Amino acid sequence: MTRLDALEAQSIFIFREAFAQLRKIAMLWSLGKDSNVMIHLARKAFFGRLPFPAMHVDTHRKFPEMYAFRDQYAKEWDLDLIIEDCPPIESTDPTLPPAARSAARKTEGLRLALAKHGFDGVIAGIRRDEEPTRAKERFFSPRGTDGAWNVREQPPEFWDQYNTALTPGAHVRIHPILHWTEMDIWAYTQREGIPVIPLYFSKDGKRYRSLGDQDITNPVESDASTLDEILAELAVTKTSERSGRAMDHESEDAFERLRTAGYL
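Numbers given for residues are sequential positions, taken from 1 along each chain in its written order. Given that the model is predicted, a residue must reach a pLDDT of at least 70 before its local features are reported, and side-chain atom pairs must reach 80 or more before they are shown or counted; all residues, however, enter totals for whole chains, interfaces and linings. Note: side-chain values were computed over all heavy atoms of the structure, leaving out hydrogens and water.

A short note on the sheet that holds strand β5 (residues 140-143)
What counts, and what does not: One bridge is not enough; two strands pair if DSSP finds at least two bridges between them. Elements are defined by DSSP. Helices are runs of H or I of four residues or more, strands are runs of E of two residues or more, and each kind is numbered from the N terminus. For every element, the axis is a line fit to its C-alpha atoms; helices are fit only across the contacting stretch, and the angle between N-to-C directions ranges from 0 to 180 degrees. By the convention used here, residues are in contact when the closest approach between their heavy atoms is within 4.5 Å.
Read across the open sheet, the six strands follow the order β3-β2-β1-β4-β6-β5; overall the sheet is mixed. Only two strands of the sheet have a single partner each, and these edge strands are β3 (81-85) and β5. In this sheet, adjacent strand axes meet at a mean angle of 30 degrees when their direction is disregarded. As paired elements, β5 and strand β6 (residues 171-174) share four bridges and run antiparallel to each other. Bridge pairing links F140 to I174 in β6. Packed onto the sheet, helix α3 (residues 64-76) meets β2 (54-58) and β3 and runs at close to 160 degrees relative to β2.

A short note on the packing of aromatic side chains
The following threshold applies: Two rings belonging to Phe, Tyr or Trp (six-membered ring only in the last case) form a pair when the distance between their centres is within 6.5 Å. Interplanar angles under 30 degrees mark stacking, angles over 60 mark edge-to-face geometry, and anything in between is tilted. For every residue, the accessible area obtained with a 1.4 Å probe (protein chains only) is divided by the maximum for its type, and the residue is called buried under 20%, exposed over 50%, and partly exposed between those limits.
Considering all chains together, one arrives at 10 aromatic pairs under this definition. Judged by centre distance (6.2 Å) and plane angle (50 degrees), the ring pair of W29 and W77 falls under tilted. Remark: W77 occurs in the loop between α3 and β3 and W29 occurs in the loop between β1 (25-28) and α2 (33-45); sequence separation between them is 48 residues. Accessibility classification places W29 together with W77 in one group, the buried group.

Some words on the pairing of β3
Just so we agree on the cut-off: With strands facing away from the observer, any crossover in which the path from the first strand over the helix to the second runs clockwise is taken as right-handed.
Only one face of β3 is covered, namely the face carrying I82 and E84; the face carrying L81, I83 and D85 is uncovered. Relative to β3, β2 runs parallel, the two being bridged by five bridges. Across the sheet, A54 pairs through a bridge with L81, a residue of β3. Note that the unit made of β2, α3 and β3 has a crossover that is right-handed.

Printed below as a string of structure tokens:
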């Protein structure tokens, strides 16, 4: 079994465990490379079709290429797609720095969507290697009734035993690709032939490594215009994956405050 085979097998196990143990789940689809790998894994786990909705919590500030991708592949992959709007920025914490406050709209949008649909499990495509706060996560992460994350009171996870016990009104965040790296995502995308949004490929000496809202996401310098070139670049780069995310360059605790409040 190769590394990618082992990663795939564990992720599929996590998908099936979540579906078996929780009453009503949905998968968040942010339209980026990690989300698209998750959809591919879930389709493998459930014999070609997701048995739960894919949900896009929409800020209406994504790149046009991302919306075009969503519209095309929601149909092609036969997704039960839910689109929920985010509230205006005025509803977020005014003490946050500007980019973090803009990103916080997704936190409130997700909270409203959970209340509307009654999901007790939400599948999200975060990875430990993306950002130090995410490195503290569990595969099955219980959240309070307000969606908040208590990093100091997380259940242990030994021998693939996951805690799905909930208090009334709470939910679990499930992270099937938590153990993957950026390199793994691209190697698996190449091996499996998963579609890729063109923004990830170099144009005029720049490309996006991480996709978010247009107003708070910037490209990085890169000449990588193919999957082979992306993999070669990642093998030697010293630049972080989220270097193009504006909120990662704001106050030191901004991202942790967002995560504690329920941000992905």
